[in-house]
Amino acid sequence: QVQFVESGGGLVQPGGSLRLSCAASGSIFKILNMGWYRQAPGKQRELVASITSEQSTNYADSVKGRFTISRDNAINTVYMEMNSLKPEDTAVYYCNARLRPRAWSNANTYWGKGTQVTVSS
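These notes cover the structure that comes with them. The structure presented is a predicted model; accordingly, all values stated were derived computationally and were not measured.

## Thoughts on the environment of M80
Examined against the element boundaries, M80 turns out to sit in strand β8 (residues 77-82). Taking the C-alpha atoms as reference points, M80 and L18, separated by 62 residues in sequence, lie 8.3 Å from one another. In this view, M80 contacts L18, R19, L20, W36, V48, A49, F67, T68, I69 and Y93; residues no more than four positions away in its chain are not counted.

Structure follows, in structure tokens:
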């Protein structure tokens, strides 16, 4: 079993900032990629940002220059600093990890339960 503790969501005014964090625990041998996805009402879930174990990052075009993803491998935690937030950033943000539960396991993808981010005046 793999568990995620997500935090940092909330209500913020346009132009404001939030910092999301997600700590993974449980049956973990090695985490490959970690990332954040989001899903707005009536829309499909989309990738926001991802980061490899070697700290290589990838961002959706809509958040480049505003969001920064980072990761602490020692504590299996991924962060996302979100600046200059816009109303269109409003969504449920989901933590995601692709990991190997055991040394002999193939990699599987796991999801957090999500945290709400609302950008509104």
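Following the structure, the description resumes.
## Some thoughts on the state of the cysteines
Under the defined criterion, the tally for this structure stands at 1 disulfide. Residue C22 pairs covalently with C95 via a disulfide, S to S 2.1 Å. In this structure the cystine formed by C22 and C95 twists about its S-S bond by roughly -85 degrees; its chirality is therefore left-handed. Here C95 lies in strand β9 (residues 91-100) and C22 lies in strand β3 (residues 18-26), a separation of 73 residues in the sequence.

## Observations regarding the pattern of salt bridges
Scanning all chains against the criterion turns up 5 salt bridges. Between D89 and R38 there is a salt bridge, and its shortest N-O distance comes to 3.0 Å. With D89 in the loop between β8 and β9 and R38 in strand β4 (residues 30-39), the pair connects residues that are 51 residues apart, well separated along the chain. The pair formed by D89 and R38 is uniform in burial state, with each residue classed as buried. Here R66 makes a salt bridge to D89, at a shortest N to O gap of 2.7 Å. In this pair, R66 is assigned in the loop between β6 (57-59) and β7 (67-72) and D89 in the loop between β8 and β9, connecting sequence segments 23 residues apart.

Criteria and cut-off values
Residues numbered from 1 in each chain as written. Predicted model: local features only at pLDDT ≥ 70, side-chain atom pairs only at ≥ 80, totals over all residues. Heavy atoms only, no water. Helix = DSSP H or I, 4+ residues; strand = E, 2+ residues; numbered from the N terminus. Contact = heavy atoms within 4.5 Å. Disulfide = S-S within 2.5 Å. Salt bridge = Lys/Arg side-chain N within 4 Å of Asp/Glu carboxyl O. Buried < 20%, exposed > 50% of the residue type's maximum accessible area, 1.4 Å probe, protein only.

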